[in-house]
Amino acid sequence: MGGGARATYRGFLDRRRADRPQDEYREPTEQEWQDFQQHFELRKVSLGTCGRPYGTPCKHEHACIRCPVLQLDPQQRPRLNEITRNLRERITEARANGWLGEVEGLQVSLNAAVAKLTRLNRTSTDGRPQLVDLGMPLFTDPSVRGVGAPGGIGQGLRIRSRVRQGDRQP
């Protein structure tokens, strides 16, 4: 952050703090600090890291597989595969025994697990999303011929990709 940006940001913080009650900016007590640290220790779960904000309860009662804020650890792919296989087996057993309520709940978990696996499969091994080649655009408006076209760049421009949805590589 450059010197000007830093000074601007510091000024923003100073103005914000001037508008807030002073006791909000006190040093935390030992118990508050321990609670804060414990929150982040409790975020470490078997499949990755819980992304819920500090001080918020777990809405899914620790059913992490269903939680949209679970940040998957790519190294846990085998564990997630095993969970998915187990859920399928449990659904088969529940159907065989007529436990329809159990089937419904397990199916929600299975759908979430499959979605997480799909998202994980779209992620490169270093954890960054993979790039998708969209192909070269085709210009379908004959009046658009380039930079010198009437109306300038982007005027009346309609672009269609050569790559169709089914042709994209994951």
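## A few points about the environment of Gly55
Mapped onto the fold, Gly55 is located in the loop between strand 2 (48-50) and strand 3 (70-72). Through-space distance from the C-alpha of Gly55 to that of His39 is 7.5 Å; in sequence the pair is 16 residues apart.

## What about the sheet that holds strand 3?
The sheet built from three strands is open, its strands ordered 1-2-3 with antiparallel pairing. Across the chains shown, the open sheet's two edge strands, defined by having one partner strand only, are strand 1 (44-45) and strand 3. Of the pairings in the sheet, the one linking strand 2 to strand 3 comprises three bridges and is antiparallel in character. Note on strand 3: the bridge partner recorded for Thr49 is Gln71.

## So, the side chain of Arg52
Its location among the elements puts Arg52 in the loop between strand 2 and strand 3. In this structure Arg52 is buried but unpaired, with Asp35 as the nearest side chain of opposite charge at 12 Å. A distance of 2.4 Å separates a polar atom in the side chain of Arg52 from the backbone oxygen of Thr56.

## Overview of the packing of aromatic side chains
The full count for this structure, using the stated rule, is two aromatic pairs. Measuring from ring centre to ring centre gives 5.6 Å for Trp33 and Phe36, while their planes differ by 25°; the resulting arrangement is stacked. Placement of both Trp33 and Phe36 in helix 2 (residues 30-42) is noted, with a separation of three residues, approximately one turn of the helix. Phe36 gets classed as partly exposed once you look at its relative accessible area, which sits at 30%.

## As for the confidence of the model for the protein
Detailed reading of the predicted coordinates is not advisable wherever pLDDT is low. For the protein, the mean per-residue pLDDT works out to 79, and 75% of the residues sit at or above 70. Here strand 5 (residues 159-161) stands out as the least confident element of the protein, with mean pLDDT 49; helix 3 (residues 77-97) is the most confident, with 96. Counting contacts from residues 161-170, a segment whose pLDDT is below 50, to residues more than four positions away or on other chains yields 12 contacts.

## Some thoughts on the pattern of salt bridges
Evaluated as defined, the whole model comprises four salt bridges. In this structure, Lys44 engages Glu41 in a salt bridge whose closest nitrogen and oxygen atoms are separated by 3.6 Å. Accessibility classification places Lys44 together with Glu41 in one group, the exposed group. Across the pair Glu82 and Arg85 runs a salt bridge, and its minimum N-O distance is 2.2 Å. Residue Glu82 and its partner Arg85 are both found in helix 3; the two are separated by three residues, about one turn of the helix.

## Thoughts on the nonpolar core
Core analysis: the biggest nonpolar cluster contains 14 residues, and Leu47, Leu72 and Leu80 have the highest contact counts within it. Mapped onto this core, the elements with two or more residues apiece are strand 3, helix 3 and helix 4 (100-121). Take this core: its biggest share by element is six residues, from helix 4. Contact partners of Leu80, with chain neighbours within four places excluded, come to Leu47, Ile65, Leu72, Ala113, Lys116, Leu117 and Leu120.

Rules behind the numbers
- Residues numbered from 1 in each chain as written.
- Predicted model: local features only at pLDDT ≥ 70, side-chain atom pairs only at ≥ 80, totals over all residues.
- Heavy atoms only, no water.
- Helix = DSSP H or I, 4+ residues; strand = E, 2+ residues; numbered from the N terminus.
- Pairing = 2+ DSSP bridges.
- Buried < 20%, exposed > 50% of the residue type's maximum accessible area, 1.4 Å probe, protein only.
- Lys, Arg positive; Asp, Glu negative; His and termini not counted.
- Salt bridge = Lys/Arg side-chain N within 4 Å of Asp/Glu carboxyl O.
- Polar contact = N/O pair within 3.5 Å; in protein donor to acceptor, adjacent residues only side chain to side chain.
- Phe/Tyr/Trp six-rings, centres within 6.5 Å; stacked < 30°, edge-to-face > 60°.
- pLDDT = per-residue confidence, 0-100.
- Contact = heavy atoms within 4.5 Å.
- Core = buried A, V, L, I, M, F, W, Y, C linked by side-chain atoms within 4.5 Å.

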